[in-house]
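Structural overview
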Amino acid sequence: MTTPTGTRPEWAAVIADHAVEEATGRRLIGQLLAVEVASLAFCRLLERWARGEADPSTPGRRQAALRRAADRVETALSGLEQPLGRYLLELEADLAEGRSWFGEPGQAELVDWQPVLDRAGVKVAPHRIAAAYLELAILVRALEGLSSTVRWQSTIDAGSLWAGLFDLRENLLGRALDDLRAIAA
């Protein structure tokens, strides 16, 4: 990749190292970064409300902030489908039996959002918030896991990378995307 290492996240090195075509890897990294940034903003907004921070200051503004955050994630996820599909096609791991780095939910991601949304004065289906938050928090944690792989100078084989990216696609580009669209509407 021609992008200096200091300007991209650590997990990008794993994607770049396994990219068959540099341009495909660069597009995937850019779009995954957009999804990561938007996901963090969405999750942090909800987490602030869970701590009792009423920011923005009115229920109407909080509703609008949630819709904007969901719309940003939805837009980033929609843009992920093509570069991710292309990267998976090019990667074509010989053995798709690798161990996925895209994990399962932890207890910290399992939250009942109904009381938080009620306290914030935001009217949205709590099951949609719970599902979207869960998938986005898992994505952020998975990318941090890939970054740890780089920091520890470990390697990830093509089969495991393919399996994790496939899981990412299946989890985020299906129901999670539908939930985010409903929240943003």
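Residues numbered from 1 in each chain as written. Predicted model: local features only at pLDDT ≥ 70, side-chain atom pairs only at ≥ 80, totals over all residues. Heavy atoms only, no water.

Considering the overall build of the protein chain
Scanning the protein chain from terminus to terminus reveals six helices and zero strands. Looking at the protein chain alone, contacts between residues at least 24 apart form 83% of all its contacts between residues at least 6 apart. Summing over all exposed atoms, the protein chain offers an accessible surface of approximately 9400 Å²; the carbon and sulfur share of this is 50%. (Helix = DSSP H or I, 4+ residues; strand = E, 2+ residues; numbered from the N terminus. Contact = heavy atoms within 4.5 Å. Areas by Shrake-Rupley, 256 points an atom, 1.4 Å probe, with all protein chains shown as cover.)

With respect to helix H5 (residues 126-151)
Taking 1.5 Å of rise per residue, 26 residues should cover 38 Å, and H5 covers 37 Å from first to last C-alpha, within 8% of that figure. Directly beyond the C-terminal end of H5, a positive phi value near 55 degrees is found at Gln153. (Expected span 1.5 Å × (residues − 1).)

Observations concerning the environment of Phe166
Among the structural elements, Phe166 can be located in helix H6 (residues 158-184). It is 8.7 Å that separates the C-alpha atoms of Phe166 and Leu84, two residues lying 82 residues apart in sequence.

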